[in-house]
Structures are given as C-alpha cells and as structure tokens.
Amino acid sequence: MRVMITGVTGFAGSYLAEHLVDKPGVEVYGLKRWNSPMTDILPVRDRITLIDFDLGDPHSVYAAVREVRPDRVFHLAAQSYVPMSFRAPVDTIRANALGTVALLEALREVGGDPVIHICTSSEVYGEVPSDELPITEATPFRPQSPYGVSKVAEDLTAYQYFMSYGMHTLRTRSFTHTGPRSKEVFVAPAFAKQIAEIEAGLRPDGIVKVGNLDSTRTFLDIRDMVEAYWLLTERCPAGEVYNIAGDTTCLVGEMLDVLASLTDVTVKAEVDPALLRASDVTRQVPDTTKFREATGWSPRIPFEQTLKDILDYWRAQVSLRALRAER
Ligand SMILES: C[C@H]1O[C@H](OP(=O)(O)OP(=O)(O)OC[C@H]2O[C@@H](n3cnc4c(=O)[nH]c(N)nc43)[C@H](O)[C@@H]2O)[C@@H](O)[C@@H](O)C1=O
C-alpha cells in the first residue's frame, strides 16, 4: 500500500511517518518543501521516499500525486500557528485552503480512489458559548482567526469532493496535540524550553514568559494522535467527520503547574503582552464519542508522561545548543 503524507517534515507528519514505517506492506512517501529542515525532526528519513513539492504550486502538487499514485493520503501540510495567521492571513488561507483544493484536484485527476484524510482543527469551532459545551461535530463553525477560517474551508472542501465526486475523503477536527519535537511557538514546548533554560542557568531570574494562562485546552500526545489518524483511514466510512482529542482538559496555567512540578528550579510566570492574541479560543472542551465508538481508539500516554518527554526533549536541545555555542 502506497501511503502519501504531505508535510512529512512537520510535527504530525514526522510522527505519522515513524508510526507507519514498520507496518507490513506500507510504503511511505513523504512530501516536503525542498528547503524544509530535517535535522532531528524526521528520524525515519532514510526509510521513506521523500518528494519535494510546494503546496502553493498546483503543478508541483499534481506532479507529486502522479508520481506516488497513493492508496492513502494524509494531508498534514499546513501553516499551523494561529498567531502567525493574524499577521499573514492571505498566506495562511492560500496555503491551507487553496493548497487543499490543489491536492484534491490532483487526486481527482490522477484517480485510483485513495482514502484521503484532510486534517482540520478544533479552531473551526472558535469560541463556543459555555452552554453549548462539550463541542460535538454538530457544533456550528465560529472561527476566530484566519487559521480557523482556512480550516473551515479545508473541511468544507473535503466534504464537497465527497458529495460531488464520491471521493473517499475523511475529515478530522483535531484538538490540541503535543509532544517532543513540537516547535517552541506552541504553548507546552514554549514553557518547557524556558524551564530547561532556567535549569541550565540561562534565565537567572527564573521567569517564564507566558500569554493567556486562563485558556482551556484538552491535551493529547502526538503519538496517540497519529494512531488515531491511521485507525481513521482503516475503519471509518467515506465522507465522515470526527473530533479527535485527548482526555486531559485543563487551563494552560494548570499545564504550566504540572511542568513546574517536574523540575527542582523555581518557576515564576510573567505575562508577556506580545503573547496575547487579538482573539483567543479559551473553551476547548470536546466530545469525541463519535470517533471513539467508530474506531475503538482511546489515548494511551498519560498527560504527565507527555509533559516529561517534552521537558526532556528541551533539556537535550538546550544542552546541545550550549555545546555548539562553546565550539
Ligand atoms: C488545535 C490547534 O492547536 C494549536 O493551536 P493553539 O491552541 O492556538 O495552540 P498554542 O499552543 O499556540 O496555544 C494554546 C493556548 O495557550 C495560550 N498561551 C498562553 N501562553 C502561551 C505562550 O507562551 N505561547 C503560546 N503559543 N500560547 C500560549 C494561547 O493563548 C492559547 O489559548 C495548533 O496546533 C493549531 O494548528 C491547531 O489546530
């Protein structure tokens, strides 16, 4: 089976590749931008076929799809950082929304009836009123960022290709997922990196810069998420949409408390106004019953273990950077 992953050098794409390389009969084709850094993000790079493409260029998307002729597609390439989408809305919507249209058009033209996972986000729901929680797949779209809008477009496009052409699209509205190797622009690695720097003596004031600590997130380990994506394509009927999320719902401030409990140094949080958003989604409380019933999936990695692994990853990164600086 030929499995194509777009965005294979991204956080989710690299973990999915790692998850799939040992599955019998699976050949992994990873699509990446020609200049994507791969230093430590893609440990299985020698076990997959890498293909350069650019989501912004429909010709390159078509050429890659024609080369692979995939049986399964995981579309994980995206501009995924919400604050960046406020600064670069056109680029975010172009890459995410138009990139998805380009991919689906290429798949339609090449044919072969692949199973296609289009990865959208809990950000499509935006800020949901408290009396409408938990968020089900029937909760209305109220996106609060250009990123959220781009993901609504991806979601509806995947639905339209199923309805119009009978293509085997599946959509996930993926809630927060994190783990080692996630970029430090996201909240858990941002906090973990700063704690590792305090431990290494690089932040003598012991201050961790934070944004909005009163935001609720439901955390899932990336390694559980990629298993969910695989089961989605194994077990779910065409055209469906699913929320996928972890079991741990807490305030971002509580997540920082757990991280702080994993170190011996004293951690002081200080709000950096630059980390506050024009509008923030603060009530991310999902109902994932539909996906769990369809697949039997449930998360295996405890929240504290995920945070420990993230902190250890940043401890290693911080010492590596210090070593390089010494040379
Ligand atoms: C599902 C969804 O998940 C992710 O989007 P996100 O939820 O915006 O992720 P984040 O880690 O940037 O923020 C989480 C929350 O934490 C608050 N927060 C506080 N202090 C800091 C802070 O220092 N840094 C950051 N980044 N956030 C902070 C921040 O205001 C927000 O309320 C992406 O993968 C996205 O692609 C996606 O689809």
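The rules behind these values
Residues numbered from 1 in each chain as written. Predicted model: local features only at pLDDT ≥ 70, side-chain atom pairs only at ≥ 80, totals over all residues. Heavy atoms only, no water. Pairing = 2+ DSSP bridges. Helix = DSSP H or I, 4+ residues; strand = E, 2+ residues; numbered from the N terminus. Phe/Tyr/Trp six-rings, centres within 6.5 Å; stacked < 30°, edge-to-face > 60°. Lys NZ or Arg CZ within 6 Å of the ring centre and 35° of its normal. Domains from an automatic or database assignment. Buried area = accessible area lost by both parts, 1.4 Å probe. Contact = heavy atoms within 4.5 Å. Salt bridge = Lys/Arg side-chain N within 4 Å of Asp/Glu carboxyl O. Buried < 20%, exposed > 50% of the residue type's maximum accessible area, 1.4 Å probe, protein only. Core = buried A, V, L, I, M, F, W, Y, C linked by side-chain atoms within 4.5 Å. Axes fitted to C-alpha atoms, helices over the stretch in contact; angles between N-to-C directions. Left-handed = near helix turned anticlockwise from the far one by under 90°. Nonpolar A, V, L, I, M, F, W, Y, C, P; charged D, E, K, R; others polar.

## A few points about the sheet that holds strand β9 (residues 216-221)
Spatially, three strands are ordered β7-β9-β11 in an open sheet, and the strand pairing comes out mixed. The strands lining the two open edges of the sheet, one partner per strand, are β7 (177-178) and β11 (248-251).

## Overview of the packing of aromatic side chains
Tallied over the full model, the rule gives nine aromatic pairs. What links up through ring pairs into an aromatic cluster is the set Y242, F291 and W297. Above the face of the Y165 ring, R108 is positioned so that its terminal group lies 4.1 Å from the ring centre. Between K290 and the ring centre of Y242, over which it is positioned, the NZ or CZ distance is 5.0 Å.

## Observations regarding the domain arrangement of the protein chain
Split by domain assignment, the protein chain resolves into domain 1 (2-178 + 219-244) and domain 2 (187-217 + 248-282 + 302-326). Taken over C-alpha atoms, the centre of domain 1 sits 27 Å from the centre of domain 2. Buried area between domain 1 and domain 2, summed over both chains or domains, comes out near 1400 Å², and the portion from carbon and sulfur atoms is 52%. Considering only the side of domain 1, the residues that lose the most area to domain 2 are E127, T178 and F219, jointly responsible for 45% of the buried surface there.

## Digging into the side chain of T178
Structurally, T178 can be placed in strand β7. Once residues within four sequence positions are removed from consideration, T178 is found in contact with F11, A188, P189, F219, L220, D221, I222, T306 and I310.

## Observations concerning the pattern of salt bridges
Taken as a whole and judged by the stated rule, the model has 25 salt bridges. The salt bridge partner of E184 is K193, with a shortest N-O separation of 3.0 Å. Put simply, E270 and K209 hold a salt bridge, and the shortest N to O gap is 3.1 Å. Here E270 is found in strand β12 (residues 268-271), whereas its partner K209 is found in strand β8 (residues 207-210), with 61 residues between them in sequence. Overall, E270 belongs to the partly exposed group, its relative accessible area being 33%.

## Overview of the nonpolar core
Ranked by size, the top nonpolar core spans 35 residues in total, and within it I5, L20 and F74 carry the most contacts. Counting only elements with at least two residues in this core, the list comes to β1 (2-6), α1 (11-20), β5 (115-121), α7 (222-235) and β10 (241-244). Looking at this core, the element that brings in the most residues is α7, giving eight residues. Apart from residues no more than four positions distant in its own chain, L20 is found in contact with V3, I5, V26, V28, F74 and W230.

## Structural notes on the packing of helix α6 (residues 187-199) against helix α8 (residues 252-261)
Between two packed helices, what matters for the description is the angle formed by their axes and the separation of those axes. Close contact between α6 and α8 brings their axes to 10 Å; oriented N to C, the two are set at 35°. Considering only the axes of α6 and α8, their crossing is right-handed. Each of V187, A188, F191, A192 and I195 in α6 lies in contact with α8, whose residues at this interface are V252, M255, L256, L259 and A260. Partitioning the contact of α6 with α8 into residue classes produces 10 nonpolar, no polar and no charged.

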